[in-house]
Amino acid sequence: MAASLGHPGPTMMYDAYQDDLDYLEGFKDDGDENVRLLEPLLAFRLSRAYRRSDVLRSHLRIESAGRPRSEQERLYAGYKAGKPGFNLAANPDRIIGRHGGTTFLGSWHMEQPDGYTYAVDLTHHWKLDWDDVHDLLRASGLHTTVPKEPWHHQATT
């Protein structure tokens, strides 16, 4: 696999990247989750977790994946305005990291300058315990990175 194992930054695609994205399409919760923007290392590790675990395949779904900046702006505006149905959303101009000359903004779910997103939110619809889910995902190199958000996972910490 040619993807970087370090902090989020420009990564290279690996041979089975498109196959992994196609596979992950089958685990979207309600169909509008954009897995096509997932950074290659995240796609690889998430696909590997699903392929390794009958439990994950049966009960874990992708609730939120990637979004373009315009969607992050819409979500943030709705949240700031207190509109019904809008949850906490990050300011798309907030700096969340810098690496290799790239400044990452907004949310790890928002498409970054390299064209990828670096986070995925998962749901188990209360059919599993989060501790069990985390054990299975950590075995494939996925980590929770936001305190009090057990559903938020990334391939790097």
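Structural data are supplied above this passage.
Reading the values: the criteria
Residues numbered from 1 in each chain as written. Predicted model: local features only at pLDDT ≥ 70, side-chain atom pairs only at ≥ 80, totals over all residues. Heavy atoms only, no water. Core = buried A, V, L, I, M, F, W, Y, C linked by side-chain atoms within 4.5 Å. Buried < 20%, exposed > 50% of the residue type's maximum accessible area, 1.4 Å probe, protein only. Helix = DSSP H or I, 4+ residues; strand = E, 2+ residues; numbered from the N terminus. Contact = heavy atoms within 4.5 Å. Salt bridge = Lys/Arg side-chain N within 4 Å of Asp/Glu carboxyl O.

Notes on the nonpolar core
Most often, soluble globular proteins keep nonpolar side chains buried together rather than apart. Counting 30 residues, the largest nonpolar core has L24, L38, L46, Y50, I62, L122 and L137 as the members making the most contacts within it. Those elements giving two or more residues to this core turn out to be α1 (17–25), α2 (40–52), β4 (120–123) and α5 (130–138). In terms of residue count, the dominant contributor to this core is α2 (6 residues). Dropping the residues within four chain positions of it, L137 is found in contact with A49, L56, L60, L122, L142 and H153.

So, the pattern of salt bridges
Applying the stated criterion across every chain, the model contains 9 salt bridges. Across the salt bridge formed by D22 and R36, the nearest N and O atoms sit 2.5 Å from each other. Taken as a pair, D22 in helix α1 and R36 in the loop between α1 and α2 lie far apart in primary sequence, 14 residues in all. Judged by its relative accessible area of 42%, D22 is partly exposed. The shortest N-O distance in the salt bridge between E71 and R74 comes to 2.8 Å. Highlighted residues: E71 and R74, both in helix α4 (residues 69–80), separated by 3 residues, approximately one helical turn.

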